[in-house]
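# Residue-level structure breakdown
Here is how the chains run, residue by residue.
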Amino acid sequence: MFPFWSPDGRQIAFVSGATLKKVDLSGGPPVTICEIPGGGGFGTWNRDGVILVVSKLTGLLYRVDAANSEIKPLRSFAEGETSQIWPQFLPDGNHYLYFSSGNPPYQQGIYAASLDSNERRFIVATNANAAYVEPGQLLFMKGDVLMAQPFDLRNLKLQGEPRRVTDQVERLEIRNPIMGAIFSASPNGVLAWRRRNSSSDSTLQWLDRSGKKLGVVGEAADYSNPSLSSDNRKLAVAIRDPQTKTRDIWIIDLLRGTKTRLTFDPADDMAAVWSPDGTRLAFTSNRLGQRDIFQKLSDGSGPDDLLLGGKGEQKFVEDWSSDGKYLLYDTQLPAALHINVLPLAGDRKPVPLVATEFIAHQGQLSPNGRWLAYRSLESGRSEVFVRGFTLDAAQQRGKWQVSTTGGELPRWRGDGKELFYHFGSTFFAVDVKTEGASFEAGIPKPLFDAATVTNFNSGGSTPFVVTRDGQRFLVIAPVERETGEPLEVLVNWR
């Protein structure tokens, strides 16, 4: 994923999982450059052999020496900053542009910085990527319109007035509210872009364990974070409004085929999980300025109650224990993702479960409540681990790596005898034993390959659910189109 050119145009660098690689345009096998903490994202390469690449999970920029594979963080987060993405070297090879997001939103946009300084300069407010084009033009997004404005390289600031280049540029969510624009411009000004498609971009597709298609739920829409009730009769899912670009929680009755809207706040509501008895849903919402955890009765009555708030960290609800006593959630801090538990009785004081220097999230409790499955990058690659579940760190019972060739998004079978997970486009199953004093896992078996729709940052975005008997998967799949999506090419736009 995320290919970008060498400065001489003879090689292409790209990301494969947590590995940054390069390949000659003339052919030959790809060559590994280095491993990227947290997995890799967008990059840029200058004539001195310096590569800037994004850690996909943390949002930090890293500096890589393409010759000796040395990698180190480029710059720390500025105050209030939460991600640094879409780097692009400017012609001098020392200065670069990048997109910065954070709180407050008015600080979000394109910044200029240099390799030899931690200073940065604000260039333009936007929620998408930008591109510098010779001689002295900056391309950037305003909504779905691609704008151009003269850019002073010496003083690193815009001049004159912006003008429209083209509109209806397709955009994909990277991390709400960051929207990647599908365009690229060569240094000499040739522009390639994809026009926004007016149709919905995903479907809810039932598959069996072999990947055979069994049917579709509802109509096409912009879905995310499906969640099945414990009796497999109802599905909670977030649906994005195409006009407001925010999501609400809807409940689909899978037997009757009806769909009911649960949340109505203009903020972004997502990632719902069912209580074991099906009477309540906990979900994530940014209605108070950051992502907090709320709950609501599943019949739609009553208010949206705040379960866990507080500034300074983003919270993503992941699971509700089978005894109804605990909620698992992830906290996102600069350069970190941690797993926490919220007791739903007593003083309801959150307890950290997995808070290490390694990225760890996507926690799921076993049906008997004894084991925690989660995703971690402690091995240098995304893998699924299991550890004993306890609120007392002194009583921690071991840790086991379940996946062997990469894994994420673990899900338990209803009887706790099988663990499913996903990696790339492949779904896996592992036989497990959870009743003894020690956890046991068999050899992972690939079940099927299926394309899913998910975001650049997987925190808070889940593209599938599994029925309690482990026989069917409901997958958020891309809409199948009769023709490929064309790229439009524009020359002489300057």
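Just above sits the structure.
The next thing to look at is the sheet that holds strand β6 (residues 50-55). One open sheet accounts for four strands, arranged β5-β6-β7-β8; its pairing is antiparallel. Strand pairing shows two members of the sheet lacking a second neighbour, β5 (40-45) and β8 (71-73), which therefore form its edges. In this sheet, adjacent strand axes meet at a mean angle of 25 degrees when their direction is disregarded. Of the pairings in the sheet, the one linking β5 to β6 comprises four bridges and is antiparallel in character. Bridging from a neighbouring strand, Trp45 pairs with Ile51 of β6.

It is worth spelling out the layout of surface pockets at this point. Taken as a whole, the second largest pocket spans an internal volume of roughly 780 Å³. Contributing to the lining of the second largest pocket are 34 residues, with Ser227, Leu228, Asp319, Trp320 and Gln364 lying nearest its centre. Partitioning the lining of the second largest pocket into residue classes produces 14 nonpolar, 15 polar and five charged.

For the structure on display, the rule yields 19 salt bridges. Note that Asp222 is salt-bridged to Arg240, the shortest N-O span being 3.3 Å. Residue Asp222 is located in the loop between β23 (213-221) and β24 (223-228), and its partner Arg240 is located in strand β25 (residues 234-240); the two are separated by 18 residues in the primary sequence. Take Asp222: its relative accessible area is 26%, and that puts it in the partly exposed class. In this structure, a network of salt bridges that share partners links the residues Asp265, Asp269, Arg287, Lys296 and Asp304.

Okay, the sheet that holds strand β11 (residues 109-114) next. Spatial ordering of the open sheet is given by β9-β10-β11-β12, a layout of four strands whose pairing is antiparallel. Among the strands making up the open sheet, the edge pair consists of β9 (81-89) and β12 (120-125). Put simply, the sheet's adjacent strands are angled 30 degrees from each other on average, direction ignored. Taken together, the five bridges between β11 and β12 define a ladder with antiparallel strand orientation.

Here we take up the pairing of strand β40 (residues 408-412). The buried count for β40 comes to five of five residues, which makes it a mostly enclosed element. When β40 meets strand β41 (residues 418-423), the two strands line up antiparallel, connected through three bridges. By the bridge assignment for β41, Glu408 is matched with His422. Connecting β40 to the antiparallel partner β41 that follows it, the hairpin turn spans five residues, and Gly416 within it adopts a positive phi of roughly 75 degrees.

Ring pairs (aromatic) are described by centroid distance and by the angle formed between their planes. Considering all chains together, one arrives at 21 aromatic pairs under this definition. Aromatic side chains Trp412 and Phe439 sit 6.4 Å apart centroid to centroid with 90 degrees between the ring planes, which places their arrangement in the edge-to-face category. With Trp412 in strand β40 and Phe439 in the loop between β42 (426-433) and β43 (440-441), this pair connects stretches of sequence that are 27 residues apart. An identical accessibility class is assigned to Trp412 and Phe439; each is buried. Here the aromatic rings of Phe427 and Phe464 are separated by 5.0 Å at their centres, their planes lie at 80 degrees, and the arrangement is edge-to-face. Taken together, the positions of Phe427 in strand β42 and Phe464 in strand β45 (residues 464-466) put the pair 37 residues apart, joining distant regions of the chain. Taking the relative accessible area as the measure of exposure, Phe464 reaches 0% and is therefore buried. Every member of this aromatic cluster is reached through a ring pair, and the members are Phe89, Tyr96, Tyr98, Tyr111 and Phe122. Positioned over the ring face of Tyr111 is Arg120, at 3.9 Å from the centre of the ring. Lying across the ring of Trp206, Arg472 places its NZ or CZ 4.1 Å from the centre.

About the cut-offs
Residues numbered from 1 in each chain as written. Predicted model: local features only at pLDDT ≥ 70, side-chain atom pairs only at ≥ 80, totals over all residues. Heavy atoms only, no water. Pairing = 2+ DSSP bridges. Helix = DSSP H or I, 4+ residues; strand = E, 2+ residues; numbered from the N terminus. Axes fitted to C-alpha atoms, helices over the stretch in contact; angles between N-to-C directions. 1 Å grid on protein atoms, 1.4 Å probe; cavity = no way out; pocket = protein on both sides within 12 Å on 5 of 7 lines; lining within 4 Å. Points joined across faces, edges and corners; volume = space filled by probe spheres on them. Nonpolar A, V, L, I, M, F, W, Y, C, P; charged D, E, K, R; others polar. Salt bridge = Lys/Arg side-chain N within 4 Å of Asp/Glu carboxyl O. Buried < 20%, exposed > 50% of the residue type's maximum accessible area, 1.4 Å probe, protein only. Phe/Tyr/Trp six-rings, centres within 6.5 Å; stacked < 30°, edge-to-face > 60°. Lys NZ or Arg CZ within 6 Å of the ring centre and 35° of its normal.

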